[in-house]
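Breakdown of the fold
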Amino acid sequence: MAIAGGVGVVDDEGRAVRIAAWVGFDAETMKRLESFPVDSDLPAAAAIRDGRLVLIGSPEERDRSFPSLAGQRSVGKSWAALPLLVGSRRVGVITLSFPDPKAFGEEDIEVMSALAHQCAQALDRSRL
């Protein structure tokens, strides 16, 4: 079970992400990450840029993959960033934080992908 999570929405220009909802993160962290550029060195930004699921199984893997986060205090010990796609258009991202290091399996990926698809459709409908 995730101990923290959030949903970010990409702005109309596709350059920045604004956090629309979050739970489980401290207010200071959310203030710092309230909005961030899509080209930043964050798992959520990478998921949007690449249009693919970003899975990080441990703090060591996070530090190797995202050097700007090395040594930072964070919620959880494994993370997932799910791009929210409508066709090829990137509309947002879901981030999830898990309490322990995790080897993500096929079932995890299927469930998270279905969640991301449903959320992307809802965001798209709300924009219309």
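Overview of the structure. A quick note: this is a predicted structure, and the numbers were derived from the prediction, not measured.

Inspection of the secondary structure assignment puts Arg62 in helix 3 (residues 59-65). A relative accessible area of 6% places Arg62 in the buried class. When neighbours within four sequence positions are excluded, Arg62 is seen to be in contact with Ile56, Leu69, Gly71, Gln72, Ser74 and Trp79.

As a further point, take the side chain of Ser97. On the secondary structure map, Ser97 appears in strand 6 (residues 89-98). There is a polar contact of 2.6 Å between the side chain of Ser97 and the backbone oxygen of Val75.

With that settled, the discussion passes to the packing of aromatic side chains. Any pair of aromatic rings gets described here by the distance separating the centres and the angle formed by the planes. Across all of its chains, the model carries one aromatic pair by this definition. With 5.6 Å between their ring centres and 70° between their planes, Phe98 and Phe104 make a pair best called edge-to-face. Just as Phe98 is buried, Phe104 falls in that class too. Its end group placed over the ring of Phe98, Lys102 keeps NZ or CZ at 5.8 Å from the ring centre.

A sheet is described by the order of its strands in space; here six strands give the open sequence 3-2-1-6-5-4, paired in antiparallel fashion. Of all the strands in the sheet, just strand 3 (35-37) and strand 4 (54-56) have a single pairing partner and so form its edges. Averaged over all pairs of adjacent strands, the angle between their axes in this sheet comes to 20°, without regard to strand direction. Here strand 5 (residues 78-86) pairs with strand 6 via nine bridges, running antiparallel. Across the sheet, the residue bridging to Trp79 is Ser97, located in strand 6.

Let's shift gears to the environment of Val10. On the secondary structure map, Val10 appears in strand 1 (residues 4-10). Note on Val10: relative accessible area 4%, which makes it buried. Note: C-alpha distance between Val10 and Ala45 (35 residues apart in sequence) is 9.8 Å. If we skip the residues at most four places from it in the chain, Val10 touches Ala16, Val17, Ile48, Arg90, Val91, Gly92 and Arg127.

A word on helix 2 (residues 43-50). With six of eight residues buried, helix 2 is to be regarded as a mostly interior element. All of the buried residues in helix 2 are Pro43, Ala44, Ala45, Ala46, Ala47 and Ile48. Following helix 2 by one or two positions, Gly51 has its phi on the positive side, about 65°.

Sheet analysis places strand 1 next to strand 2 (residues 16-23), joined by six bridges and oriented antiparallel. From the neighbouring strand, Val10 faces strand 2, where its bridge partner is Val17. Joining the antiparallel neighbours strand 1 and strand 2 is a turn of five residues, in which Gly14 adopts a positive phi near 75°.

As a working rule, side chains carrying opposite charge can pair if their charged atoms are close by. Summed over all chains, the structure comprises four salt bridges. Between Asp124 and Arg89 there is a salt bridge, with the nearest N and O atoms lying 2.5 Å from each other. Within this pair, whereas Asp124 is found in helix 4 (residues 106-127), its partner Arg89 is found in strand 6, the two being separated by 35 residues in sequence. The class for Asp124 is buried, based on a relative accessible area of 15%.

About the thresholds
- For every chain, the first residue of the written sequence is number 1, and numbering continues from 1 along that sequence.
- Reporting of local features is limited, given that this is a predicted model, to residues whose pLDDT is at least 70; pairs of side-chain atoms are given and counted only at 80 or more, and all residues count toward the totals for whole chains, interfaces and linings.
- Side-chain metrics in this entry use all non-hydrogen atoms of the structure; hydrogen atoms and water are not considered.
- Runs of H or I in DSSP of at least four residues are treated as helices and runs of E of at least two as strands, each being numbered from the N terminus.
- Note on classification: 1.4 Å probe, protein chains only; a residue is buried when its accessible area is under 20% of the maximum for its type, exposed when over 50%, partly exposed between these limits.
- The contact rule is simple, with two residues in contact once any of their heavy atoms fall within 4.5 Å.
- Two N or O atoms count as a polar contact when they lie within 3.5 Å, although within protein this holds only if one can serve as hydrogen donor and the other as acceptor, and sequence-adjacent residues are included solely when both atoms are side-chain atoms.
- The pairing test for Phe, Tyr and Trp rings, Trp by its six-membered ring, is centres within 6.5 Å, and the orientation test on the planes gives stacked under 30 degrees, edge-to-face over 60, and tilted for anything in between.
- Either the NZ atom of lysine or the CZ atom of arginine qualifies as a charge over a ring when it sits within 6 Å of the ring centre and within 35 degrees of the ring normal.
- The criterion for strand pairing is that DSSP finds at least two bridges linking the strands in question.
- Here an axis means a line fitted to C-alpha atoms, over the contact stretch when the element is a helix, while the angle between two N-to-C directions is reported on a 0 to 180 degree scale.
- The term salt bridge refers to a pairing of a side-chain nitrogen on Lys or Arg with a carboxyl oxygen on Asp or Glu at a separation within 4 Å.

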